[in-house]
Amino acid sequence: MASMTTERPGAGQAALSIDVEDWFHVENLKRVIAREAWEGCELRVERNTMRMIEILDACKARATFFVLGWVAEKCPQLVRTISAMGHEVASHGYGHELVYSLQPGEFRADVLRSKQYLEDLTGRPVRGYRAPCFSITDWAVPILQDAGFDYDSSVVPTVAHDRYGRLNGMHAGRPIVSLREGFYEASISCIRVGKRGLPWGGGGYFRLVPYRLWCRGVRMILRSGMPYVFYIHPWEIDPGQPRVDGLDIFSRFRHRVNLHRCEQRFAALVGAFEWMPLCDLIDRWKAGCSSAQLQCSRH
Ligand SMILES: [Zn+2]
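From a predicted model like this one, the values you see are computed outputs, not experimental measurements.

Peer 1: Honestly, the coordination of the zinc ion in this entry has me stumped. Any pointers?
Peer 2: Tetrahedral coordination by four donors puts the ideal angle at the metal at 109.5 degrees, and octahedral coordination by six puts it at 90 or 180 degrees. The protein atoms that coordinate the zinc ion are Glu21 (OE), His92 (NE2) and His96 (NE2), at distances spanning 1.9 to 2.1 Å. Counting along the primary sequence, the residues that act as donors to the zinc ion give the motif E-x70-H-x3-H.

In structure tokens form, the structure reads like this:
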């Protein structure tokens, strides 16, 4: 433990997160699958999430599951199982609306609805929030803290993306920051290019980049003295999900690239590193910061 005071807080630690939504919730498909059509879509999230839990269990890895409130209402037993298996249950909001497209009052209602329901199911406080499609924005932060969250994990400090949101003060070299007293941001990992970075935390990039190269990048981030934060969705290990007509080539590529290889890749990644849930990563970072401050104050 003595070494913690000489390292940067959170150094070399890896957190794994899973955004629990189904294949038809994806923002990329919104133009062809309207919100009203969700009820008629085949529900595949429970089986896919259970498969991920098995993969984690085989490696004794623990993760954070950001569960969409809509999914929790359809699959309450899944949420109880995630919690009972020792994982962290956190919130992905209720209706998968982009945060910056909502009014503050609508956003508050959305996050409270999901948080309260998840807490009723698990009997545990929900500490973390992840915005749909990483659409976080500055005005949302005090609302999250007021609603009882103590961290957000929705920033991708990347070069450019058509839909990602942004928070002031975040960059790839500072992956965990205290945004307000008692409220933290743990951003998705990037490989640093100046203040911005190449996305190296999951999604289509994880399916596209050769697996060995991906692992080299993860090790590089961990060796550089930063924590690593990974994310994935249950539908990404499901090549049998329905094919959607009417998508442009780019959207189809983004959604389907290497789905057939992803379960194997995910299992390999889970086995290749030591993983913890985001709540533990943040608690260790806080402990590291306070011990570093203590050490500074002694000199
Ligand atoms: Zn999502």
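Peer 1: Which parts of the structure should I look at to understand the side chain of glutamine 241?
Peer 2: Here glutamine 241 lies in the loop between β10 (228-232) and α8 (249-256). With a relative accessible area of 3%, glutamine 241 lands in the buried category. Engagement of the side chain of glutamine 241 in a polar contact is seen with the backbone oxygen of tryptophan 235, the distance being 2.9 Å. Looking at glutamine 241, its side chain comes within polar contact range of the main-chain oxygen of aspartate 238, at 2.9 Å. Once residues lying within four places of it in the same chain are set aside, the contact partners of glutamine 241 are Trp23, Arg44, Trp235, His255, Arg256 and Leu259.

Peer 1: It is not clear to me how the environment of phenylalanine 24 should be interpreted in this structure. Could you clarify?
Peer 2: Position of phenylalanine 24 relative to the elements: it lies in the loop between β1 (14-20) and α1 (45-58). The exposure class assigned to phenylalanine 24 is buried, which follows from its relative accessible area of 1%. Residues within four places of phenylalanine 24 in sequence aside, it is in contact with Leu29, Ile33, Trp38, Cys41, Glu42, Leu43 and Trp70.

Peer 1: Help me out: how do you make sense of helix α3 (residues 76-84) in this one?
Peer 2: In an α-helix, one full turn covers 3.6 residues, which means residues spaced three or four apart are oriented alike. Taken together, the buried positions of α3 are Leu78, Val79, Thr81, Ile82 and Ser83. Close packing links the buried residues of α3 with β1, α1, β2 (64-67), α2 (69-74), β3 (88-91) and α4 (104-122). Looking one or two places after α3, you find glycine 86, whose phi comes out positive at around 95°.

What counts and what doesn't
- Residues numbered from 1 in each chain as written.
- Predicted model: local features only at pLDDT ≥ 70, side-chain atom pairs only at ≥ 80, totals over all residues.
- Heavy atoms only, no water.
- Donors = N, O, S within 2.8 Å, 3.2 Å for Na, K, Ca; no water.
- Helix = DSSP H or I, 4+ residues; strand = E, 2+ residues; numbered from the N terminus.
- Buried < 20%, exposed > 50% of the residue type's maximum accessible area, 1.4 Å probe, protein only.
- Polar contact = N/O pair within 3.5 Å; in protein donor to acceptor, adjacent residues only side chain to side chain.
- Contact = heavy atoms within 4.5 Å.

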